[in-house]
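# Structure at a glance
The lines below spell out each chain.
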Amino acid sequence: MTTIIRKSVLSVAGLAFAGGVFAGPIAAHANPVDAKPAAVAVQTSAPKPQGDQSHIDLNGEQTANVKAIIAATKKAGLPERAAVISIATSLQESKLENLGHLGDRNDHDSLGLFQQRPSSGWGTPEQITDPEYSTTAFLKGLKQVDRWQDMPLTDAAQTVQVSAYPDAYAQWEQQATDLVGQHWNS
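Residues numbered from 1 in each chain as written. Predicted model: local features only at pLDDT ≥ 70, side-chain atom pairs only at ≥ 80, totals over all residues. Heavy atoms only, no water.

### Quick word on the overall build of the chain
Check the secondary structure of the chain and you find seven helices and zero strands. Taken from N to C terminus, the helices and strands of the chain fall in the order α-α-α-α-α-α-α. In the chain, which comprises 186 residues, the share counted as buried stands at 34%. Relative to all contacts within the chain whose residues are 6 or more apart in sequence, the contacts with residues 24 or more apart total 59%. Surface summary for the chain: the accessible area is close to 11,500 Å², and the carbon and sulfur share equals 56%. (Helix = DSSP H or I, 4+ residues; strand = E, 2+ residues; numbered from the N terminus. Buried < 20%, exposed > 50% of the residue type's maximum accessible area, 1.4 Å probe, protein only. Contact = heavy atoms within 4.5 Å. Areas by Shrake-Rupley, 256 points an atom, 1.4 Å probe, with all protein chains shown as cover.)

The structure is reproduced here in structure tokens:
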């Protein structure tokens, strides 16, 4: 039974392919007397998210941190794309939670939304755990990346963060984009 179904599916697929091969060149030379303009896709400046996307539900604290990141981005005079990169980075680093010292589970002395390290010059523990300060510090690093606006999000974030998992930021791009779209003008 499965062989018959498989052969039927392959036959239909083969006919569709053959029809496209033969009709395609013919249709390309047709005289479009009553043709109407086709819809044109609007290209945005932000590239499509790379790879599989992750998503988490946010609580009130996490949403407040999204708003703090957006406010700091606006205060720095940077565009929405900078907020998307910042939020995706924070989603990867802390799930948008302003983390203090985690004891044995801590990665060295990493703290805050972006898991920045006092020993690496990001600021004092008090500064790094302030959402506005930590976002401004991240954005300062981002602005030093040549053409950050045009590169894939994960490359821009990795250049600033220097993570052991450089491709991990990409999975949060869609949620970060959605969050910026939802909160940028609120």
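### So, the packing of aromatic side chains
Counted according to the given criterion, the structure contains one aromatic pair. Where Phe114 meets Phe138, the ring centres are 5.0 Å apart and the plane angle is 10 degrees; that geometry is what we call stacked. One end of the pair, Phe114, is in the loop between α3 (80–94) and α4 (125–128); the other, Phe138, is in helix α5 (residues 131–143), and 24 residues separate them in sequence. Comparing Phe114 with Phe138 shows no difference in burial state: the two are buried. Lys74 extends its terminal NZ or CZ atom over the ring of Trp184, reaching a point 5.0 Å from the ring centre. (Phe/Tyr/Trp six-rings, centres within 6.5 Å; stacked < 30°, edge-to-face > 60°. Lys NZ or Arg CZ within 6 Å of the ring centre and 35° of its normal.)

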